[in-house]
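One letter stands for each residue in the lines below.
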Amino acid sequence: QVQLVESGGGLVQPGGSLRLSCAASGSIFSINNMGWSRSAPGKERELVAGISSMSSGGVKNYADSVYGRFTISRDNAKNAVYLQMNSLKPEDTAVYYCYYRDSRSTTWGQGTQVTVSS
């Protein structure tokens, strides 16, 4: 079983930046994917960014809506994944959920609120 703890959400003005962090603990497989999705009222849940484990090449992928503004990274020693969000827009307002996925299942974090507003 895997547990995820997220941090880093908050209120930021348009054009600002935030960094989300997610630490995984428990039964971690060497081959896995971690990343972030978001959920906003009235919108479908969106996969924002994902990154595979270094043993799988550390491949990154992004939603078109955040490409060039958000950067995902991970620290394998800490079993952590980060999302650096720059040039934030009001439409980025959502609850952001970290996920961990391996051959067994997908685990989701509790979510952290990001609000972009002036």
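Residues numbered from 1 in each chain as written. Predicted model: local features only at pLDDT ≥ 70, side-chain atom pairs only at ≥ 80, totals over all residues. Heavy atoms only, no water.

A.B. asks: Help me out: how do you make sense of the side chain of Asn32 in this one?
C.D. replies: Positionally, Asn32 belongs in the loop between strand 3 (18-26) and strand 4 (33-39). The buried category is assigned to Asn32, whose relative accessible area is 4%. Looking at Asn32, its side chain comes within polar contact range of the main-chain oxygen of Phe29, at 2.6 Å. (Helix = DSSP H or I, 4+ residues; strand = E, 2+ residues; numbered from the N terminus. Buried < 20%, exposed > 50% of the residue type's maximum accessible area, 1.4 Å probe, protein only. Polar contact = N/O pair within 3.5 Å; in protein donor to acceptor, adjacent residues only side chain to side chain.)

A.B. asks: Is there a simple way to think about the pairing of strand 1 (residues 2-7) in this case?
C.D. replies: Taken residue by residue, a regular strand's side chains alternate between the two faces of the sheet. Here strand 1 shows a clear split, with Val2, Leu4 and Glu6 buried on one side and none of Gln3, Val5 and Ser7 buried on the other. Both strand 1 and strand 3 contribute to a ladder of six bridges, which runs antiparallel. If you follow Glu6 over to strand 3, its bridge partner there is Cys22. (Pairing = 2+ DSSP bridges.)

A.B. asks: Looking at this model, I keep getting lost on the state of the cysteines. Mind explaining?
C.D. replies: One way to say it: the disulfide is the covalent bond shared by the sulfur atoms of two cysteines. Scanning the model with the defined rule gives one disulfide in all. With a sulfur-sulfur separation of 2.0 Å, Cys22 is cross-linked through a disulfide to Cys98. Disulfide Cys22-Cys98: torsion about the S-S bond near -80°, hence left-handed. Taken together, the residues span a long stretch of sequence, with Cys22 in strand 3 and Cys98 in strand 9 (residues 94-101) at a distance of 76 residues. Note on Cys98: relative accessible area 0%, which makes it buried. (Disulfide = S-S within 2.5 Å.)

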